[in-house]
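Residue-level listing of the chains:
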Amino acid sequence: MAVRDGAAGGGKAGRADEGGEAGKAAGAAAASGTAKAGAADGDKAGAADSAGSADIAEGGKAAAKSGAAGGGKADQATAVFGAVKASEDKAGTKDDQAPAKADAAEKTPAAAGTGKAAASGTAKADQATAVFGAVKAPKGGADSDADSDAKAEPKAASWGAGASGNGKPKEDARLKAAVAAWVAEAEDKDDAKAAASGDQPTELIEAPKAPKDGKDAKAKASADQPTQAIKAPANPDSESERTSQFVPLKKDDAPAAKPLKAPKPEAKPEVKAESKAEAKPKAAPPAPPKPAAGTPAPAKAPAEPPAPLDLLAQLTNTPPPPETPVRTAVRRVKIWTPLVVLLGIIFVVVQAMRPLPAPKLAIAADKSSFAFGGATPPLTWPSEGQAIVDVDGLGRVGSYGEMKPLPIGSVAKVMTTYIILRDHPLKKGDNGQLIDVDQKAEDDFTNGVKEKESVVEVHKGQKISEKEALEAVMLPSANNVARLLARWDAGGEEAFIKKMNDTAKELGMTNTTYTDASGLMESTVSTAEDQVKLGKRAMQDPTFREISKMTQYTSTTASGTGSGVEYQKTQANFNKLVPAYGVVGIKTGSTTKAGGNLLFAAEKKVGDSTQLIIGAVFGQHKSPIIDTATDYSKQLILAVGKELTTSTVVKKGEIVGHVDDGLGGTTPVVATKDLTAVGWPGLKVDLKITAGDKTLPHTAKAGTQVGELTAGGGMGEVKVPVALQKDLVEPSFGSKVTRLG
């Protein structure tokens with residue numbers, strides 16, 4: 001752009017002179033390098049041969065033509081650029097002729113005209129830019145060669161500057177004062193010299209010296225006042241046009257700039273063979289000129305932009321401190337502390353809002369049991385078989401013989417009755433379903449009479465209630481009715497027998513095996529211990545207790561016309577101990593193989609409680625076998641009843657336990673009455689505290705009943721209420737937050 005602008009100025013200068021010396025004046029104006037004219041480099045006009053004015057005129061025309069082509073396109077933001085100097089041909093004049101002709105051109109009137117034209121050309125340019133020199137036309141023997149060389153791209157750059165009449169730069173007092181003020185305000189004194197030599201818009205660029213000796217005025221007048229001298233690097237090997245490069249204002253603390261790289265020369269356009277033949281050989285390009293004396297050195301190229309962190313450090317002049325373990329720890333604390341605090345808050349809220357665990361009652365360690373003083377009382381045991389006696393809920397008083405399986409006879413009917421009532425329970429006063437008597441029941445009656453079995457008269461087509469059938473099984477021990485109930489309940493005797501054995505396992509009767517529902521078969525075996533377990537469970541059923549303590553019942557199926565007991569309307573209980581001695585059942589059983597057997601139960605009133613004495617005597621073969629078993633059973637009942645006694649285990653108001661809130665808090669509870677336990681000498685009674693059917697609250701006032709203290713178990717257990725000694729409160733906030741699980 002700078003070269004074209006300079007050429008434009010030269011073209012206007014050529015057109016301004018209409019006199020006879022137009023060509024010479026244009027050439028002289030170009031040779032002078034006047035700053036105001038902005039014309040093309042005068043070397044093109046001065047390079048014309050002094051022997052012919054035609055050559056001089058031709059050079060002027062070429063300069064004018066080149067200037068006209070680029071006029072008006074000057075870049076206002078750039079600095080002063082010199083025109084690119086075209087290479088000289090071999091037939092050109094010597095360099096020492098240019099200064100003489102330049103001096104002559106200054107004296108001619110055409111110089112003034114040229115200045116006017118230059119001034120009009122530079123009016124379009126920015127004042128901050130310098131006068132551009134015109135492209136020097138190459139020397140040739142023909143006009144076509146001159147025109148061709150003038151239009152061709154310049155080979156090397158030659159920078160000029162406007163000058164006054166004496167060849168020195170014209171000074172601007174205002175600009176000089178502005179520059180001096182800017183220098184005074186600079187912070188870095190080390191760069192003050194460089195800052196004073198360049199203007200603020202652009203960086204200081206030194207213009208190259210013309211390829212002549214230092215006496216030439218053009219080398220000294222290399223810059224105008226708005227900008228400092230601009231030096232264009234010469235590239236004699238390239239004919240391509242050199243372009244300007246904007247260098248940003250460098251800060252005082254910016255790193256040193258790197259030198260600019262020269263652009264690669266463009267490829268030469270191919271020239272036809274005919275043109276090469278006609279063209280005259282060109283002279284070798286001159287060596288780069290040395291800078292004029294007193295001209296400041298060119299500024300270095302800007303460095304690559306630094307990294308963001310480095311740039312920040314340079315701007316703030318506070319580099320990051322070195323990394324140390326302490327700084328690392330502090331940084332991590334700053335990062336993790338908010339997160340830990342947030343998690344802590346969430347944890348506290350969740351813990352505080354979680355449902356509270358259900359409170360529980362716990363007995364005090366020193367109140368978990370009570371031992372009665374004295375030695376275990378002696379009991380009268382049979383001389384054979386096996387025997388055992390317990391107090392329900394308190395424990396075993398004693399036992400006799402080896403507990404090995406043996407035939408038990410009709411005692412097996414206790415399991416039959418228990419299963420029927422379990423699967424078909426009866427309410428008080430209810431007789432239950434009516435059962436159809438089948439042919440098998442009638443046949444069993446007929447055969448039983450012949451075999452002298454225990455049976456009750458029934459006939460096919462009759463109906464018998466469930467309760468009456470159970471009475472027939474438990475009291476006169478009717479084998480035929482027991483089998484009828486088995487078929488009615490399970491659909492077959494085999495299926496019912498399986499239920500009997502399964503139930504025995506559930507109750508822990510490990511030495512018991514059932515093979516029939518009546519117990520007539522000798523393969524149905526058990527022990528006194530196992531049958532006492534079953535007797536305790538069966539006596540918990542009210543209907544079973546009611547039936548087992550009956551002395552007799554009235555049959556609806558018996559005719560009452562036969563000679564045997566099986567035909568009688570009134571059927572008596574075979575257990576002759578009922579209801580004497582507090583005996584309430586349960587069942588007798590006897591066979592030739594099994595001997596006499598009795599599973600008995602008796603009630604004994606002790607203090608405020610009624611205790612159930614339950615035991616068994618099996619395997620008695622002394623005749624009469626059933627009477628022998630009955631006699632030993634009576635003796636055991638009487639002996640144990642005599643030894644039963646009471647003792648105060650806990651007094652009213654005594655702390656017996658506490659309420660545990662589940663989070664470590666406890667509230668003591670006390671007995672509201674005296675607890676009197678039942679036992680015998682040497683007995684250890686277990687105590688327990690329970691909430692019963694109540695749900696413990698999380699808060700309650702002192703004196704609120706929260707449970708019961710129990711001594712013993714079964715029918716003979718003794719209970720007293722327990723209440724809070726002080727107010728029951730919810731767990732504290734700290735307990736809620738710190739709880740686990």
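Definitions and limits used
Residues numbered from 1 in each chain as written. Predicted model: local features only at pLDDT ≥ 70, side-chain atom pairs only at ≥ 80, totals over all residues. Heavy atoms only, no water. Phe/Tyr/Trp six-rings, centres within 6.5 Å; stacked < 30°, edge-to-face > 60°. Buried < 20%, exposed > 50% of the residue type's maximum accessible area, 1.4 Å probe, protein only. Helix = DSSP H or I, 4+ residues; strand = E, 2+ residues; numbered from the N terminus. Pairing = 2+ DSSP bridges. Salt bridge = Lys/Arg side-chain N within 4 Å of Asp/Glu carboxyl O.

A.B. asks: Break down the packing of aromatic side chains for me, citing the residues and quoting the values.
C.D. replies: Across all of its chains, the model carries two aromatic pairs by this definition. Look at Phe-370 and Phe-372: their rings are 5.3 Å apart centre to centre, the planes differ by 85 degrees, and that puts the pair in the edge-to-face class. Residue Phe-370 is classed as partly exposed on the basis of its relative accessible area of 21%. When the ring of Phe-445 is compared with that of Tyr-567, the centres are 5.3 Å apart and the planes differ by 85 degrees; the resulting orientation is edge-to-face. Remark: Tyr-567 occurs in the loop between strand S11 (552-554) and strand S12 (570-572) and Phe-445 occurs in helix H15 (residues 439-451); sequence separation between them is 122 residues. Since its relative accessible area comes to 3%, Phe-445 is described here as buried.

A.B. asks: So, the pairing of strand S20 (residues 684-690): which residues are in play, and what are the values?
C.D. replies: Burial along S20 is one-sided: the face carrying Val-685, Leu-687 and Ile-689 is buried and the face carrying Lys-684, Asp-686, Lys-688 and Thr-690 is not. Relative to strand S21 (residues 705-711), S20 runs antiparallel, the two being bridged by four bridges. For Lys-688, the partnering residue across the bridge sits in S21 and is Thr-710.

A.B. asks: Summarise the pairing of strand S22 (residues 718-724); cite the residues concerned and give the values.
C.D. replies: Among the seven residues that make up S22, five are buried, leaving the element largely enclosed by the rest of the structure. In terms of strand pairing, strand S18 (residues 666-671) meets S22 through three bridges, oriented antiparallel. Bridged to Val-669 within S22 is Leu-724. Sheet analysis places S21 next to S22, joined by six bridges and oriented antiparallel. Bridge pairing in S22 links Glu-708 to Pro-721. If you look at the hairpin formed by S21 and S22, you'll find six residues sitting between the two strands, and Gly-712 has a positive phi there, around 80 degrees.

A.B. asks: Mind laying out the pattern of salt bridges, listing which residues take part and the relevant values?
C.D. replies: All told, the structure shown has 19 salt bridges when counted by the stated rule. For Asp-438, the salt bridge is made with Arg-487, and the minimal N-O distance between the two is 3.0 Å. Of this pair, Asp-438 sits in the loop between strand S8 (434-436) and H15 while Arg-487 sits in helix H17 (residues 479-490), and the two are 49 residues apart along the sequence. Given a relative accessible area of 26%, Asp-438 falls into the partly exposed group. Asp-489 serves as the salt-bridge partner of Lys-499, at 2.8 Å between the closest nitrogen and oxygen. Linking Lys-499 in helix H18 (residues 493-506) with Asp-489 in helix H17, this pair joins segments that are 10 residues apart in sequence. On the accessibility criterion, Asp-489 (15% relative accessible area) is buried. Among the charged side chains, a network of salt bridges with common partners joins Asp-390, Arg-396, Glu-529 and Lys-536.

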